[in-house]
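Secondary and tertiary structure notes
For reference, the chains in residue letters:
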Amino acid sequence: LRKNIKDYQALPPSHQSMLKSFMKQQTDVKHCIEMNFMFILHMLDDVQDMFRPDQEMRSDSSPEASDSDNIRVSREAGEGLSQGDMDRVYTTLRQFVRDWSQEGQGERDKCYSPIINAVCNRYKDPAGVSVLVPGAGLGRLAFEFVARGYNCEGNEFSIFMLIGSNFVLNKIDSVSFEIFPWSTCTTNNVTHADRVRSVTVPDIVTTQIPESAQFGMCAGDFTEVYAKDSARFDVVAASFFLDTAHNIIEYIELIHKVLKPGGHMISLGPLLYHYAGMPDQPSLEIPWEDVLSIIEQVGFVIEEIEDVADVPYIENHMSMVSVLYKCKFLVARKQEN
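About the criteria used
- Residues numbered from 1 in each chain as written.
- Predicted model: local features only at pLDDT ≥ 70, side-chain atom pairs only at ≥ 80, totals over all residues.
- Heavy atoms only, no water.
- Helix = DSSP H or I, 4+ residues; strand = E, 2+ residues; numbered from the N terminus.
- Expected span 1.5 Å × (residues − 1).
- Buried < 20%, exposed > 50% of the residue type's maximum accessible area, 1.4 Å probe, protein only.
- Pairing = 2+ DSSP bridges.
- Axes fitted to C-alpha atoms, helices over the stretch in contact; angles between N-to-C directions.
- Contact = heavy atoms within 4.5 Å.
- Patch = residues over 30% accessible without salt bridge, like charges linked within 9 Å, V, L, I, M, F, W, Y side chains within 5 Å.
- Areas by Shrake-Rupley, 256 points an atom, 1.4 Å probe, with all protein chains shown as cover.
- Salt bridge = Lys/Arg side-chain N within 4 Å of Asp/Glu carboxyl O.
- Phe/Tyr/Trp six-rings, centres within 6.5 Å; stacked < 30°, edge-to-face > 60°.
- Lys NZ or Arg CZ within 6 Å of the ring centre and 35° of its normal.
- Right-handed = clockwise from strand over helix to strand, strands pointing away.

Description of helix α3 (residues 22-44)
The terminal C-alpha atoms of α3, which comprises 23 residues, lie 33 Å apart, in line with the 33 Å expected from a rise of 1.5 Å per residue. Along α3, the residues classified as buried are F22, Q26, V29, C32, N36, F39 and M43.

Below is the structure:
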């Protein structure tokens, strides 16, 4: 914001006079940033208790995972905010739009509904059916399963997402907040109003779930947290998750291991590969045909494959730029023997 004002003030007076509303617009943006800050403060209230085992969102499945995340919180707080940290804050705010606003319903219909429908069609009676949602983000997909009566556990590594999901799932009771997720976007705005528009979150009351359903959130790296688990879940429901691996084969093998015989891996997403282009990070980047081959070699029977076109991800639908993915939707069943 300061840079925008400085650049404006460096313009010739004749150019400044052509932008009569510029300073008023910056005041609007400042208000949006302050409102976002207040929302973040609400999220951070009592965050030190987030990993206590008596929390409704369970984070004690793996003591190692809980300890490592607590350490990571302290370290990040001490180091100050890097640009990467700021980018994660922006992403978290925009993830609230995707997961917990009416504006994000269309995106959820594309990304979550095929997965939910596949589970409901195969497990019509949710009683006792256990679902794992790795890469759970802010927890909406996991919540949707619990709201339908399934037992569900979400898994998430990002401390930013864990703080946000803890807030929306544990701390909000029939209260809504206005956030301004696009206020820091200076490019591809059609109007100033598009940039400073508010979004109300959450769009539903998150504390009302069936008493019979069990719901937990497990903090930590997927490959570490579930390394010792075997035949524990009926379903692994993964949205935009498989390509977040350093080694996608390791993910597929572990999903197979944690599923009960006859259980299902249901996945929807692209192959963006999270660590692609990072020279200091290992990253196996293989085409879809090889992914399918690995799934079968590991011991899955592929039941369904579909192309899902025009899938957005935390998209600003008022922006002049749109990024849409051509995703693959997959249902694979673990063989009985």
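That shown, we press on.
Notes on the sheet that holds strand β9 (residues 325-334)
Taken in spatial order, the seven strands of this open sheet run β5-β2-β1-β6-β7-β9-β8, and their pairing is mixed. The sheet is open, and its two edges are formed by β5 (215-219) and β8 (300-311), each paired on a single side. Strand-to-strand twist across the sheet, computed as the mean angle between neighbouring axes with direction ignored, equals 15°. Relative to strand β7 (residues 259-269), strand β6 (residues 233-239) is paired through six bridges, and the arrangement is parallel. By the bridge assignment, S239 is partnered in β7 with L268. Contacting β1 (130-134), β2 (151-156), β5 and β6, helix α8 (residues 140-147) runs over the sheet at an angle of about 170° to β1. Helix α9 (residues 159-171) contacts β2 and β5 of the sheet and is inclined by roughly 160° relative to β5.

Considering the side chain of E107
With respect to the element layout, E107 can be found in helix α6 (residues 105-111). Beyond its immediate stretch of four places on either side in the chain, E107 contacts R98, P312, Y313, I314 and E315.

Concerning a nonpolar patch on the surface
A contiguous nonpolar surface patch, about 360 Å² in accessible area, is contributed by F37, M38, L41 and L44. When you line up the elements, L44 lands in helix α3. A relative accessible area of 38% means that L44 is categorised as partly exposed.

Comments concerning the pattern of salt bridges
Enumeration over the complete set of coordinates arrives at 17 salt bridges. The closest approach of N and O atoms between E107 and R98, which form a salt bridge, is 2.9 Å. There is no split in this pair, since E107 and R98 are both buried. For E304, the salt bridge goes to R122, with nearest N and O atoms at 3.2 Å. Linking E304 in strand β8 with R122 in helix α7 (residues 113-122), this pair joins segments that are 182 residues apart in sequence. Owing to a relative accessible area of 22%, E304 belongs among the partly exposed residues under this scheme. What makes R122 partly exposed here is its relative accessible area of 29%.

A few points about the packing of aromatic side chains
In the structure shown here, the tally under the stated rule is 14 aromatic pairs. Taking 5.6 Å as the distance between ring centres and 65° as the angle between the ring planes, the aromatic pair formed by W100 and F143 counts as edge-to-face. Taken together, the residues span a long stretch of sequence, with W100 in helix α5 (residues 83-100) and F143 in helix α8 at a distance of 43 residues. Of the two residues, W100 and F143, neither departs from the other in class, the shared state being buried. Residues F145 and Y150 carry aromatic rings whose centres are separated by 6.1 Å and whose planes lie at 90° to one another, so their mutual orientation is edge-to-face. Judged by relative accessible area, which is 0%, F145 ranks as buried. Against the face of F240 rests R98, its NZ or CZ located 5.5 Å from the ring centre.

Looking at the pairing of β2
Counting buried positions over the six residues of β2 gives six, a clear majority of the element. Burial along β2 is two-sided: N151, E153 and N155 and C152, G154 and E156, pointing in opposite directions, are all buried. Bridge count between β1 and β2: five bridges; the pairing is parallel. In the strand pairing of β2, V131 is matched with C152. In the classification by handedness, the crossover that spans β1, the intervening α8 and the parallel β2 is right-handed. Where β2 and β5 come together, five bridges link them in parallel fashion. Each bridged residue has a counterpart across the sheet, and for C152 the counterpart in β5 is F215.

Read these as geometric descriptors, not functional statements.
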